[in-house]
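# Observations on the model geometry
Below are the chains, spelled out letter by letter.
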Amino acid sequence: MSLLRRRKQPQPPPEQPNEDSSNGSDLDEKGKKKPGSSSSSAAPPPEAAAAAAKEATKRTRARWSCVDSCCWLVGCVCSAWWLLLFLYNAMPASFPQYVTEAITGPLPDPPGVKLQKEGLRAKHPVVFVPGIVTGGLELWEGHQCAEGLFRKRLWGGTFGDVYKRPLCWVEHMSLDNETGLDKPGIRVRPVTGLVAADYFVPGYFVWAVLIANLARIGYEEKTMYMAAYDWRLSFQNTEVRDQTLSRIKSNIELLVATNGGNRVVVIPHSMGVLYFLHFMKWVEAPPPMGGGGGPNWCAKHIKSVMNIGGPFLGVPKAVAGLFSSEAKDVAVARAIAPEVLDSDFLGLQTLRHLMRMTRTWDSTMSMIPKGGDTIWGDLDWSSEDGFECKAKNQKINDSEVSKDANGKNEVHPEPVKYGRIVSFGKDVAEAPSSEIEQIEFRDAVKGNNIAHSNTSCRDIWTEYHELGWGGIKAVADYKVYTAGSIIDLLRFVAPRMMQRGSVHFSYGIADNLDDPKYGHYKYWSNPLETKLPNAPEMEIFSMYGVGIPTERAYVYKLAPQAECYIPFQIDASAEGGDENSCLKGGVYLSNGDETVPVLSAGYMCAKGWRGKTRFNPSGSKTYVREYSHSPPSNLLEGRGTQSGAHVDIMGNFALIEDIIRIAAGATGEELGGDQVYSDIFKWSDKIKLKL
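Residues numbered from 1 in each chain as written. Predicted model: local features only at pLDDT ≥ 70, side-chain atom pairs only at ≥ 80, totals over all residues. Heavy atoms only, no water.

### Some words on the confidence of the model for the protein
- Here the protein shows a mean pLDDT of 83. Residues at 70 or above account for 77%.
- Per-residue pLDDT stays below 50 along residues 451-455; that stretch engages in 7 contacts with residues further than four places along the chain or on separate chains. (pLDDT = per-residue confidence, 0-100. Contact = heavy atoms within 4.5 Å.)

Here it is in structure tokens:
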């Protein structure tokens, strides 16, 4: 750089003297210019000098090219990366904890250490049931594009092969559209053992923290079992293809037999809650549909079922995922960079490939909201009416505040119609039901094929290319959908997917649970269409986080018309009137753990199964254990020890302590019974369901 500073600016070339003035006749004897003489030999004007200087600077800058800048930037990034990597590997393992304690003070003992000091020891064997997406999947047979990936993880782990060959990965992670099982020539199977779901990716724990704390009081692999399964399949198909349900039955029997007859404590998480609910009916049912364990199998082998973040009644988030392959975060990302996720550049049609893949996963249909309008509300009513969307308080919405005659603040609640799970337009979501004119869509004639001239659209299988403009318009003209009409909506826009799903799942409410038809496996994962096992001493816990705004309903719009696209989008521009509004980015929010609303996670244990009901004829005791969300105070705390988020709650110290106490022999009453921070009991009482 010093050399560049020393370089002289190029001088403009000297002007050639004019022929008329070459003899100096225009100058007087003193060398001065004569009056009236020609100005052709005068100094160049300032504009010319500035232009010459600019040209010289430009030539100087040209020596430092874009390639030099890129190389300099890459070099700086690589140097910084290697320096950070060196420091990370060189620092003592206790350094992050030391820094955290220096900032926040001494950290509390982990639950396992605390309870070990109290004298608790391992007693009941523990069974973990992972949820959707958290269990690892590995390749056992694949097409040519997957050469070299035998027994490598396609799901979980580093996800390195997603970036190397994304379309090949999508092909192998997808299931057959007709059977819901493997595609020809492809075998992807669940990883087994505790490593199947201890970490989702390196550094992002799922079950690892709980396992480590259980180990503190004496648990080891012979007293713990990870009930890994292929979470893409329908629940019954995990038995058809892999005999997973039979393996779970055998392993539980083995755990009980080898641990002095102590019954197991089962800990399902997320969709694993529904999967184990299905298992408890399967194990009692006679073969070939069931496991043949008899009506007392659960009573003999299960002490407690501690459900974490259970979507017992489904989640509205599943509707958005199946309808438009979106959720709140995707809608926000699309609003910020609208051309990225929908771009056809280099064939990277991200959302369409995602929809093509996830619509082959039958398990996703298990989480469609159950119970219809009775549970989730209709156009004018829902049990959560009056919820305030502040993080900590669950009172009433206060978007409009005025003063009454006494000068005190009077709060006028903002009406939120949560029963309208899908609304086309914010005005429709807020309008009185009497002003909404709906045009029936169920028998609408589907219009011309959108993708008739584009073969790539047919390759990206979404079923929307068969819907046509006529069908798309009919969906939008119906304007608003409640839980009662959502099923018909999905059958209209995705008939093949729902045809498969209707064989394995049901979403209604049983009138007569003694009807023989409820002996079919498609009802077993719906708590409103099946009975709990005959196990009066078995305890059931519903454990979930609260205090986090959670997706409850959506405002949609039609997407710009183009070939090969998803025609419906969450309208991210739809916002509430103020910061306390429940409408954020086209999504109406309620109380929950960021994924599962309180209503779905808590209703069955709060009321549906509470005492002896027709859904719980033996009177198994049920408990609601809520954990108020408290985010980490700084980055060094990681994901926090008091988090109530759907996955992060697995590291919540209070939840882990509750689990360890039950596993060590305590009962729900000894834990203190219910622990509630939300309005779940009040909301449950509003639901008029025959019990």
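### Some details on the sheet that holds strand S4 (residues 187-190)
- Here 3 strands make up an open sheet; going across it, the order is S3-S2-S4 and the pairing antiparallel. Each edge of the open sheet carries a strand with a single partner, namely strand S3 (153-155) and S4. Adjacent strand axes in the sheet meet at a mean angle of 45°, parallel and antiparallel pairs treated alike.
- Sheet topology places strand S2 (residues 137-141) next to S3; 2 bridges connect them, and they run antiparallel. Looking at S3, one finds that Glu138 is bridged to Arg153. (Pairing = 2+ DSSP bridges. Helix = DSSP H or I, 4+ residues; strand = E, 2+ residues; numbered from the N terminus. Axes fitted to C-alpha atoms, helices over the stretch in contact; angles between N-to-C directions.)

### Description of the pairing of strand S1 (residues 126-129)
- The two faces of S1 match: Val126 and Phe128 on one face and Val127 and Val129 on the other face are all buried.
- Here S1 pairs with strand S7 (residues 224-226) via 3 bridges, running parallel. By the bridge assignment, Val127 is partnered in S7 with Tyr225.
- As paired strands, S1 and strand S8 (residues 264-268) are joined by 4 bridges and run parallel to one another. When the sheet's bridge partners are listed, Phe128 is paired in S8 with Ile267. (Buried < 20%, exposed > 50% of the residue type's maximum accessible area, 1.4 Å probe, protein only.)

### Details of the state of the cysteines
- In this structure the tally under the stated criterion is 2 disulfides.
- Each sulfur in the disulfide pair Cys145 and Cys168 lies 2.1 Å from the other. Taking the torsion about the S-S bond as the criterion, the Cys145 to Cys168 disulfide, at about 80°, is right-handed. With Cys145 in the loop between S2 and S3 and Cys168 in helix H7 (residues 166-173), this residue pair connects regions lying 23 residues apart in the sequence.
- Given a relative accessible area of 33%, Cys145 falls into the partly exposed group.
- What pairs with Cys389 in a disulfide is Cys582, and their sulfur atoms sit 1.9 Å apart. One quick way to see it: the torsion about the S-S bond of Cys389 and Cys582 is about 115°, and its sign makes the bridge right-handed. Of this pair, Cys389 sits in the loop between helix H16 (372-376) and strand S10 (400-403) while Cys582 is found in the loop between strand S16 (568-570) and strand S17 (583-584), placing the two residues 193 residues apart along the sequence. Here Cys389 matches Cys582 in class, with each residue buried.
- Each disulfide in the protein links cysteines that, numbered along the sequence, combine into the pattern 1-2, 3-4.
- This cysteine, Cys78, is not joined by any disulfide, and Cys76 carries the nearest cysteine sulfur, 9.5 Å off. (Disulfide = S-S within 2.5 Å.)

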